[in-house]
Amino acid sequence: MRLIIFGPPGVGKGTQAKLLSEERSIPHISTGDMLRSAAAGGTSLGKKAKAIMDAGQLVPDDVMIGIVREVLASPRAAAGFVLDGFPRTSDQARALAGIFRDLGITSYWVLNLEVDDEEIIRRLGARLVCRKEGRIFNSETDGLTLTSQCPECGGELIQRDDDKPDTVRKRLQVYHAQTEPVIGFYRAAGVVVDVDGTNSIDVVRREIRVLLNDLQAR
Ligand code: AP5
Ligand code: MG
């Protein structure tokens, strides 16, 4: 199964992508996670990317397209994947179509998660992430604080630097201006599956499972 998980910052892409990756035994390929890991490693790409991410802007298309081409062509993605955070611009969407053509990929779905900006600001203000394994939590719904340990591995919980209120507002502006229109490209191709992201994590998970099972049974 080849999936693109699409939607605004904080809608729950990473949360649902991790669940899908576990349930379906396919890799979760997150461009944001890859950039954060490059930043933590202090590579030259990582340092440049960190400054751009902290400003709520997008890393240049050519850099992102190169990274995604390499990972999708690798053996780990051969039997399927859930791609999270890419494409984010129309040039990235066109490039991804070319990558799929080169790799002989003809079947894929775009899960389009939707919630309003007010809920996004609330979710991102309360997000906690495990430094070690990247698991995603929420202080409001999971009863955790910055001093708690990761319930899964005991690791340290942190807030993402780009979850500061000013950066979240900028990320939302960039999303509406540059990323949201990309869904039109996929609607025209008839591959979009709309999912209401306002429900609880478990309700969204079950809705996605039903929708994907229906598609597979067709
Ligand atoms: P990226 O890491 O992709 O960030 P994003 O798209 O802004 O999305 P987030 O990771 O913030 O949110 P999410 O939708 O994954 O939500 P989550 O599941 O964590 O990218 C970061 C930056 O990298 C970009 O700004 C850009 O600079 C750069 N970048 C990355 N890809 C790029 C590209 N292709 N081109 C250019 N630049 C790129 O959930 C959020 C919170 O809500 C959590 O606390 C969670 O517990 C909670 N939650 C989740 N679901 C629910 C629910 N159903 N109900 C209640 N709470 C929920
Ligand atoms: Mg994410």
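Notes on the structure in this doc start here. (Residues numbered from 1 in each chain as written. Chains lettered and ligands numbered in written order. Predicted model: local features only at pLDDT ≥ 70, side-chain atom pairs only at ≥ 80, totals over all residues. Heavy atoms only, no water.)

**Topic: the overall build of the protein**
Helix and strand content of the protein: 10 helices and eight strands. In summary, the protein has a C-alpha radius of gyration of 17 Å against a globular reference of 17 Å for 218 residues, a match within 12%. The principal-axis extents of the C-alpha atoms in the protein amount to approximately 45 × 40 × 35 Å. Taking all 218 residues of the protein together, 46% fall into the buried category. Of the roughly 11,000 Å² that the protein leaves accessible, carbon and sulfur atoms contribute 51%. Of note, the protein has its 29 positive side-chain charges centred 4 Å away from the centre of its 30 negative side-chain charges. (Helix = DSSP H or I, 4+ residues; strand = E, 2+ residues; numbered from the N terminus. Rg over C-alpha atoms; globule rule 2.2 N^0.38 Å. Buried < 20%, exposed > 50% of the residue type's maximum accessible area, 1.4 Å probe, protein only. Areas by Shrake-Rupley, 256 points an atom, 1.4 Å probe, with all protein chains shown as cover. Lys, Arg positive; Asp, Glu negative; His and termini not counted. Charge placed at Lys NZ, Arg CZ, Asp CG, Glu CD.)

**Topic: the packing of aromatic side chains**
For the structure on display, the rule yields five aromatic pairs. Pairing F100 with Y108 gives two aromatic rings, centres 4.9 Å apart and planes at 55°, and the pair type is tilted. Of the two residues, F100 and Y108, both sit in the buried class. When the ring of F185 is compared with that of Y186, the centres are 5.0 Å apart and the planes differ by 80°; the resulting orientation is edge-to-face. (Phe/Tyr/Trp six-rings, centres within 6.5 Å; stacked < 30°, edge-to-face > 60°.)

**Some words on the sheet that holds strand β5 (residues 127-130)**
Pairing within the open sheet is antiparallel, and its three strands lie in the order β6-β5-β7. One side of each edge strand has no neighbouring strand; the edge strands of this open sheet are β6 (136-138) and β7 (157-158). With three bridges joining them, β5 and β6 adopt antiparallel strand pairing. From the neighbouring strand, L128 faces β6, where its bridge partner is F137. (Pairing = 2+ DSSP bridges.)

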